[in-house]
Amino acid sequence: MSHDPDRLAWLRGDEFSCVEPAVSRERRYRLVLLGPPGVGKGTQAKMLCERMGTCHLSTGDLFRANEGTEDASPAMAAALDAMHRGELVSDDLVMSMLRERSNCLRCSGGFVLDGIPRTLAQAESLEKTLGDLGVELDAVISYDLPLDEVVNRFSGRRTCSSCKAVYHLTANPPQAAGICDDCGGELMQRDDDQPETIRVRMHAYTAATQPLVQYYSERDKLVSIDGHGRPEEIADRTLAALKKHMAVESF
Ligand code: AMP
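Here is a short report on the structure shown in this document. For every chain, the first residue of its written sequence is number 1, and the numbers climb from 1 along that sequence. Per-residue local features of the predicted model are confined to residues with pLDDT of at least 70, and side-chain atom pairs are confined, for both listing and counting, to 80 or more; whole-chain, interface and lining totals are unaffected and use all residues. Each side-chain value is worked out from all heavy atoms of the structure, with water and hydrogens disregarded.

Concerning the layout of surface pockets
- A cavity, in this analysis, means grid points on a 1 Å lattice covering only the protein atoms where a 1.4 Å probe fits yet has no way out; a pocket is instead an open set bounded by protein on both sides within 12 Å along at least five of seven lines, and a residue lines either one if it has an atom within 4 Å of a point. Grid points are joined across faces, edges and corners, and a volume is the space filled by probe spheres set on the points. Reported here for the second largest pocket is a volume of approximately 320 Å³.
- Forming the boundary of the second largest pocket are 17 residues, of which Arg12, Asn66, Ser73, Met76 and Arg101 lie nearest the centre.
- Every helix listed is a DSSP run of H or I at least four residues long, and every strand listed is a run of E at least two residues long, numbered separately from the N terminus. Residue assignment for the lining of the second largest pocket shows that the elements contributing at least two residues are helix H1 (8–12), helix H4 (74–85) and helix H5 (91–100).
- By residue number, the principal contributor to the lining of the second largest pocket is H5, which donates four residues.
- By residue class, the composition of the lining of the second largest pocket is seven nonpolar, four polar and six charged. Throughout this entry, Asp, Glu, Lys and Arg are counted as charged residues, while Ala, Val, Leu, Ile, Met, Phe, Trp, Tyr, Cys and Pro are counted as nonpolar. The remaining residues, Gly among them, count as polar.

Here's what the structure looks like:
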């Protein structure tokens, strides 16, 4: 089934409704993706969403969608400053944005959370928010890849300036150089994919996000996936591991 929800309620806040919402499903899946920046979470999220009918809820996309908007609040402006430096946005701001978007967490299509939680405080707060909504995570997928390989991957990453689709110059190239296959938008290298910013982001990942692997392992939610290989191979590996973890025959 072709599936391309526009995520308006997620990207612009809950005063907006999705024009093309995720398809409502009898069995909806709720997943979290973990892994260092550059491991390919955005690409995997998109592929998993196509296969599982879920909606891709990326906090990085959410911040980038608010770049250059005239009505950005002071809190959002501070968040964007932190992002441009490669630093983490404050837990309070991230979690209040998530709570404002609780309709997305209840969406009848399910979701793949990408980029959140990124700290233990966020993981605890997410657990509480989901508990209040009566929503349970099915699994937390952790993509593993040595950090030096991750840094190499950044140099080739390109993002569509319009629809935010993610490509890689060698691993997942667009059909025409510099142009998005999906919408024809111009492909760009993100500001926070520049070398100095990457170093700061790697440090933030190791210090703040890596402890979440243990947090979710203790809660029997963790599904670890080898992040080597082509995006299709990694997606197949992920789906096979998820079927086993959730005791599902097919998606
Ligand atoms: P991403 O596209 O997920 O790599 O996110 C890009 C940037 O947005 C990160 O480097 C952070 O500055 C910021 N960001 C995204 N999600 C979070 C989060 N959950 N907590 C703190 N900062 C975040």
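Digging into the pairing of strand S5 (residues 157–160)
- Residues Arg157 and Thr159 of S5 are buried on one face, and the alternating residues Arg158 and Cys160, pointing to the opposite face, are buried as well.
- Joining the antiparallel neighbours S5 and strand S6 (residues 166–168) is a turn of five residues, in which Lys164 adopts a positive phi near 75°.
- Bridge count between S5 and strand S7 (residues 187–188): two bridges; the pairing is antiparallel. Looking across to S7, one finds that Cys160 is bridged to Leu187. When accessible area is computed with a 1.4 Å probe and restricted to protein chains, residues below 20% of their type maximum are described as buried, those above 50% as exposed, and intermediate ones as partly exposed. Any two strands are treated as partners once DSSP identifies two or more bridges connecting them.

Details of the state of the cysteines
- A pair of cysteine sulfur atoms is labelled a disulfide when the two atoms are within 2.5 Å. Applying the stated rule across the entire model yields zero disulfides.
- Unpaired in this structure, Cys180 has its nearest cysteine sulfur neighbour in Cys163, at a distance of 3.7 Å.

Regarding the sheet that holds S7
- Taken in spatial order, the three strands line up as S6-S5-S7 in an open sheet, and their pairing is antiparallel. Looking at which strands have only one partner, the edges of the open sheet turn out to be S6 and S7.

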